[in-house]
Structure formats: C-alpha cells, structure tokens
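Working through the structure, step by step
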Amino acid sequence: MLAGGAATRLGGADKPGVRVGGRALLDRVLTACGGADRTVVVGDARPTVRPVRWTREDPPGGGPLAALGAGVRETGAEVLLVLSADLPFLDEDTVRRLLGALAEDPDAEAALLTDADGRDQPLVAAYRAAPLRRELARAAEPHGTLAGGPLRLLTGALRLTRVAAGPLASFDCDTWEDIATARARIREHGSVLDEWITAVKDELGIELDVDTGVLLDLARDAAHGVARPAAPLTTFLVGYAAARAGADGGPEAVAEAARKAAALAQRWAAEQDEAG
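Here's what I pulled together on the structure shown here. The structure displayed is predicted, hence computed values, not measured ones.

1. Describing the overall build of the protein chain
Assigned secondary structure in the protein chain consists of 10 helices and 8 strands. For the protein chain, the C-alpha atoms occupy an extent of roughly 85 × 40 × 35 Å along the three principal directions. Residue burial in the protein chain is summarised as follows: out of 276 residues, 42% are buried. Looking at the protein chain alone, contacts between residues at least 24 apart form 61% of all its contacts between residues at least 6 apart.

As structure tokens, then:
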C-alpha cells in the first residue's frame, strides 16, 4: 500500500490520515484488504486499524514507482495486491474481483481496475510477483534507480487483464474538493448506517458481521412496546449477552439474544394492549 506521497494538491496535508466518515483514508483501505497474509505500507509509520509492516522508498518522495519497489522488497508472496491509500470507497468485493480475475487468466501478469472512463488504475491492481519484480528491475536499469520513474514503464510491459470498477471503487481523493465529495457521499441515506457501523467496529477493535435489520427491528419493538429509551439500552444488553457467550459468541449469539429480547418486548406490548 502506497501512503507516502507529497499530497501537493492538498497543500502538503497528511493525506493518509485525513478522515472520511470518522476513519483515516489509510484505515479505510486497510479494512478492504483485511484478508492479506502480510500488509506492507510504504510511508511514515503511524497508528493503524490493524498491524502492518512499514517501509519507505529511497529517497523518500521518490514517486510511486520507487515506493512500489520498496514495498515489493518486503514480501515474498507470489501474488501482490497494490493499492494507493486514498481510496475511501474501496471494498472487499473489488479486492476479490481483482484477485479472482488474475487467478482465472493464467496468461495475465496483472489485473488492473479501470475507472468509469476506462482508464487503467495501476495502483488498484493485483500483480504476479515474479513479472512485477522483473519489470521493476528493468525500469531501474537506465538510471540505477526507480525514483521519478512513471508507472507506465511498468504496466506497458506486462500482460494485463482488466476489471471494471463499481460506481465508487476507483474514486480517489487528490483535492479537498474530493474529500468533501467523499464525506458527503457516505452520509447518503442508502449507505450511512453501514459506514457508521464499520467506523464503530474499527474504533472499538472488533470483528463481527452485524445484521443491521435484526437490531433495528429489536430497537423498534423495544421503543414501541416498552418506551423509547428502551431501544438503545436493549440493543446494548443484547450485545453484552452475546459477548458473555465467549467462544460461542458471534453473529449467531447476537441473533439469538435479539430474538429473545424482541419476544419479550412484544409480550410487554401485548400486556399494555390488554390493559388498554
């Protein structure tokens, strides 16, 4: 993951640390590739949502090709996922599609994401390590360094397959206007709850698939059948009960606790109806 650029169009701001939806851009990309065996970040070390290995290109600020070379040296994996750290809407599905496209085409040496205009995105791509190292070595030969080299030196020599991006997967943040657009998009009605839940999970350091519908139904039943303040308190108690289940906890424990609490709220509501 490349996170060491100068961010000149952001006035030199610490772009990987800029927050969108309460999460640093770097952390958002790290969440999308959480299944990696090893994650190498090329940039200045900082706290992250999960453990990573840090390195830096030589010289610092030597450009994306030099940063890519520095990152590749830190891993012996046969397939490498290469990502920039400014992709607020990159998701696990896009990562799976890139890796799947490379696996399905034995002749391909890299699978690149293409944006809405059909342009290749070499920093949102999956590469076979051996051809990537070969072309990095060739690119360094003329001047003895990768610093300042353009990425087209790399991708122009590789056999490529391409994956069309979803509506937002290739959206990157180069300017403050881009940041403002990203912040506005995550608050759109269709995605704000998923964004918020992911942000909370990252902040609390928990890994759990949450059935949002079950918890919202429970909150509604508690609010209508008991009292409005019962909604947040009940969902908290359901989470606590699932946590106490220990090794047997997880989505199933949450669902079972929610089922019991919802049934209780409905019994309360029935009693009120009878009293009425």
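2. A short note on the pattern of salt bridges
Applying the stated criterion across every chain yields a total of 21 salt bridges. Put simply, Asp115 and Arg119 hold a salt bridge, and the shortest N to O gap is 2.9 Å. According to the relative accessible area criterion, Asp115 is buried, its value standing at 12%. Among the salt bridges present, the one from Arg220 reaches Asp217, with a minimum N-O distance of 3.4 Å. Linking Arg220 with Asp217, this pair stays in helix 8 (residues 212-225), spanning 3 residues, or about one helical turn. Take Arg220: its relative accessible area is 41%, and that puts it in the partly exposed class. Judged by relative accessible area, which is 38%, Asp217 ranks as partly exposed. Linked through salt bridges whose partners overlap, the residues forming this network are Glu109, Arg134, Glu135, Arg138 and Arg159.

3. What to know about the pairing of strand 7 (residues 120-128)
Taken across its 9 residues, strand 7 has 7 buried, putting it largely inside the fold. As paired elements, strand 5 (residues 79-83) and strand 7 share 5 bridges and run antiparallel to each other. Looking at strand 7, one finds that Leu83 is bridged to Val124. Where strand 6 (residues 110-114) and strand 7 come together, 5 bridges link them in antiparallel fashion.

4. Points about the side chain of Lys15
Structurally, Lys15 is set in the segment before strand 1 (19-20). Owing to a relative accessible area of 17%, Lys15 belongs among the buried residues under this scheme. Of the polar contacts made by the side chain of Lys15, one reaches the backbone oxygen of Cys173; its length is 3.2 Å.

5. A closer look at the packing of aromatic side chains
This model, assessed by the stated rule, comprises 2 aromatic pairs. Each ring, one from Phe236 and one from Tyr240, has its centre 6.4 Å from the other, and the planes form 25°; the classification is stacked. Linking Phe236 with Tyr240, this pair stays in helix 9 (residues 230-244), spanning 4 residues, or about one helical turn. By relative accessible area, Phe236 is classed as exposed at 53%. Judged by its relative accessible area of 48%, Tyr240 is partly exposed.

The rules we used
Residues numbered from 1 in each chain as written. Predicted model: local features only at pLDDT ≥ 70, side-chain atom pairs only at ≥ 80, totals over all residues. Heavy atoms only, no water. Helix = DSSP H or I, 4+ residues; strand = E, 2+ residues; numbered from the N terminus. Buried < 20%, exposed > 50% of the residue type's maximum accessible area, 1.4 Å probe, protein only. Contact = heavy atoms within 4.5 Å. Salt bridge = Lys/Arg side-chain N within 4 Å of Asp/Glu carboxyl O. Pairing = 2+ DSSP bridges. Polar contact = N/O pair within 3.5 Å; in protein donor to acceptor, adjacent residues only side chain to side chain. Phe/Tyr/Trp six-rings, centres within 6.5 Å; stacked < 30°, edge-to-face > 60°.

Structural measurements only, silent on function.
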